[in-house]
Amino acid sequence: MSETNTLQTPTWTSRWTFIMATTGAAVGLGNIWKFPYIAGENGGGAFVLMYLGCILLLGVPIMIAETMLGRKGRENPVHAMLKHARSVDASKAWSFIGIMGVAAGIMILMYYSVVAGWALEYVFQSATSSYIGKPSADIAEGFSTLSADTGRQLMWHSIFMAGTALIVALGVTKGIGKAVNILMPMLFLLLLMLLGYAYENGEFSQALSFMFTADFSKLTGDVVLIAMGHAFFTLSLGMGTVMVYGSYMPQNASIPSAIITVAFLDTLIALVAGMTIFPLVFASGLEPASGPGLLFKTLPIAFSTMWNGAFFGAGFFLLVAIAALSSSISLIEPGIAWLEKLGVNRIAAALGLALFCWLGGVASIYTTEVFDKLDYITANIMLPLGGLLIAVFVGWKLGFTRSRKEISEISGGLFNLWFVVIRFIAPLGVLIIFAKSLGLI
Ligand code: PFF
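This is a predicted model, so every value here is computed, not measured. (Residues numbered from 1 in each chain as written. Predicted model: local features only at pLDDT ≥ 70, side-chain atom pairs only at ≥ 80, totals over all residues. Heavy atoms only, no water.)

Draft legend 1. Quick peek at the overall build of the protein. Check the secondary structure of the protein and you find 18 helices and 0 strands. Relative to the globule expectation of 22 Å for 441 residues, the C-alpha radius of gyration of the protein, 21 Å, shows essentially globular dimensions. Once the C-alpha set of the protein is aligned to its principal axes, its extents read approximately 65 × 50 × 40 Å. Of all 441 residues assigned to the protein, the portion counted as buried reaches 59%. A fraction of 85% describes how many contacts in the protein between residues 6 or more apart in sequence connect residues 24 or more apart. Averaging the coordinates of the 23 positive side-chain charges in the protein and doing the same for the 22 negative ones gives two points 14 Å apart. (Helix = DSSP H or I, 4+ residues; strand = E, 2+ residues; numbered from the N terminus. Rg over C-alpha atoms; globule rule 2.2 N^0.38 Å. Buried < 20%, exposed > 50% of the residue type's maximum accessible area, 1.4 Å probe, protein only. Contact = heavy atoms within 4.5 Å. Lys, Arg positive; Asp, Glu negative; His and termini not counted. Charge placed at Lys NZ, Arg CZ, Asp CG, Glu CD.)

This is the structure we're talking about:
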């Protein structure tokens, strides 16, 4: 393939494919694994409310801005930002948004792949019925055994990273659009089925009040920061993924309605995951604040007594792993697209970056501190900072008229509202939350 061909920006076959691919990027471990356990660790209701507020007030408007920068730039995030900066006579330093995004994607993948590996382990354990019929305490203990078994984690992490590298090396638009169109509805159906199971067999009302009764005394600066960080993480926001996917968007597709659909589906899936997991947590006497192992302890306990639990368990964890895969590809894609633009062949770029992420994953397996730090720094600092810079660039540099030309399909009133949020409210919101978490206010 000639260089020009390689660098031609592909286009999704339809607006729907953009929605499914972006939903595939958004819906991942963040919704099914991370949301329930960080909501559990941070007191439930007040956290959930803050998270929903951040999605609505910061997430959706910034996501619209990031998609717009992608569709208008039609390049990887670094070069798209260079192009935009040049077109408005702004500093080349704005490309930092893209560079930080590429770095954040790589850093997230360094622990994300390890968690996806846990899901693969539970596919295996389900399929071989290894936890079926065991006492709940033993099943919960099983996760601790896995956490201490570095060799086994290494094996699954390597398999998951190899899968990610392979798909990215083959090219994203070809396979992924089709795959997500089938897999996302399947994931949703399975989650609904488990929701029904949790409703029948779990402590549903206790879970509902845990998730939706807000005790604001629990809202410290750090909890608010974590809620905001999670809003960015779950939407895959502020790090160039949405920009790259936006660059493949057909020019005539409506950005706001597509983004609202993605954000709605992503939030719905997180809430359904919470309403599935917490009833089972309470019914099995586990602690909602039991940390990263929450999903891997509760669901096997539920499946262990469930009709055809081994089969449904394997299916469920497989879908968790697949949801993680459609996200992991989107985590590495900004870096690949950038390297490709710099002249590196796609296969070499995929192998090189995947190897780098794999090494980071090895460090996460051996040291939980690395795992925790990668998660904290990316979600709570890098992504919101990326989002803040995107909002400032669009609000203050690109400006009203250029943005209006890109987003012409919504009414003037709605557009004005969005622009006010992007120019003033979103940057201020992120800054206030940063300041609060640092104890400055
Ligand atoms: N949104 C994904 C999730 O919730 O699991 C994680 C993620 C994917 C974050 C892609 C950032 C990203 F660019």
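From this point, the narrative continues.
Draft legend 2. Region of the structure containing helix 6 (residues 96–127). An ideal rise of 1.5 Å per residue puts 46 Å on 32 residues; helix 6 measures up with 46 Å between its terminal C-alpha atoms. For helix 6, the buried fraction is high: 26 of the 32 residues fall into the buried class. Positive backbone phi, at 55°, marks Ser129, one or two positions downstream of helix 6. (Expected span 1.5 Å × (residues − 1).)

Draft legend 3. Local environment of the pattern of salt bridges. Tallied over the entire structure, the rule returns 9 salt bridges. Residues Lys34 and Asp375 are paired through a salt bridge, measuring 2.8 Å at the closest nitrogen-oxygen approach. A residue pair is termed long-range when its members are at least 10 positions apart, and Lys34 in helix 3 (residues 29–41) and Asp375 in helix 17 (residues 368–406) qualify at 341 residues. For the pair Lys34 and Asp375, one class covers both residues: buried. We note a salt bridge from Glu121 to Arg152, for which the minimum N-O separation is 2.6 Å. In this pair, Glu121 sits in helix 6 while Arg152 sits in helix 8 (residues 150–170), placing the two residues 31 residues apart along the sequence. Given the relative accessible area of 4%, Glu121 is considered buried. Taking the relative accessible area as the measure of exposure, Arg152 reaches 26% and is therefore partly exposed. (Salt bridge = Lys/Arg side-chain N within 4 Å of Asp/Glu carboxyl O.)

Draft legend 4. Representation of the environment of Leu29 in the model. Here Leu29 lies in helix 3. On the basis of relative accessible area, Leu29 is assigned to the buried category, the value being 0%. Here the alpha-carbon distance between Leu29 and Ala119, two residues 90 residues apart in the chain, equals 9.6 Å. Apart from the residues within four sequence positions on either side, Leu29 is in contact with Lys34, Tyr112, Val115, Ala116, Val320 and Ala324.

Draft legend 5. Looking closely at the packing of aromatic side chains. The final tally for this structure, using the stated rule, is 29 aromatic pairs. Ring centres of Phe124 and Trp156 lie 6.1 Å apart, and the angle between their planes is 50°; on these two criteria the pair is classed as tilted. Remark: Trp156 occurs in helix 8 and Phe124 occurs in helix 6; sequence separation between them is 32 residues. Take Trp156: its relative accessible area is 11%, and that puts it in the buried class. An aromatic cluster is defined as three or more aromatic residues linked by ring pairs; in this entry it consists of Trp33, Tyr37, Tyr111, Trp118, Tyr122, Phe143, Phe296, Phe303, Phe316, Phe317 and Phe371. Here the basic side chain of Lys34 rests over the ring of Phe233, its NZ or CZ set 3.9 Å away from the ring centre. Sitting over the face of the ring of Trp396, Arg423 holds its NZ or CZ atom 3.6 Å from the ring centroid. (Phe/Tyr/Trp six-rings, centres within 6.5 Å; stacked < 30°, edge-to-face > 60°. Lys NZ or Arg CZ within 6 Å of the ring centre and 35° of its normal.)

Draft legend 6. Region of interest: the packing of helix 6 against helix 17. Between helix 6 and helix 17, the least distance of the axes is 9 Å, while the angle of their chain directions is 145°. Here helix 6 runs over helix 17; the crossing is left-handed. For the pair formed by helix 6 and helix 17, the contact residues are Phe96, Ile97, Met100, Ala103, Ala104, Met107, Ile108, Met110, Tyr111, Val115 and Trp118 on the first element and Phe371, Leu374, Asp375, Ile377, Thr378, Met382, Leu383, Leu385, Gly386, Leu389 and Ile390 on the second. Residue classes in the contact of helix 6 with helix 17 are distributed as 19 nonpolar, 2 polar and 1 charged. (Axes fitted to C-alpha atoms, helices over the stretch in contact; angles between N-to-C directions. Left-handed = near helix turned anticlockwise from the far one by under 90°. Nonpolar A, V, L, I, M, F, W, Y, C, P; charged D, E, K, R; others polar.)

Draft legend 7. Structural detail: the environment of Ala391. Structurally, Ala391 is set in helix 17. Under the relative-accessibility criterion, Ala391 is labelled buried at 0%. Between the C-alpha atom of Ala391 and that of Trp358, which follows or precedes it by 33 residues, the distance is 32 Å. Excluding anything up to four places from it in sequence, Ala391 contacts Ile62, Trp396, Ile422, Ala426 and Pro427.

Draft legend 8. The site of the ligand, seen in detail. Around the ligand, the structure places 15 residues, and the nearest of them are Gly30, Tyr112, Phe233, Met239 and Thr241. Within the contact set of the ligand, an oxygen atom lies 2.7 Å away from a backbone nitrogen or oxygen of Gly30. Between Thr234 and the ligand, the recorded distance is 3.2 Å, taken from a backbone N or O atom to a nitrogen atom. Here the ligand has 340 Å² of accessible area as a free molecule, and 100% of this is covered by the chains. At the level of secondary structure, the elements contributing two or more residues to the shell around the ligand comprise helix 2 (15–26), helix 3, helix 11 (221–234) and helix 15 (309–341). For the shell around the ligand, the class distribution of residues is 7 nonpolar, 8 polar and no charged. (Near = heavy atom within 4 Å. Polar contact = N/O pair within 3.5 Å; in protein donor to acceptor, adjacent residues only side chain to side chain. Areas by Shrake-Rupley, 256 points an atom, 1.4 Å probe, with all protein chains shown as cover.)

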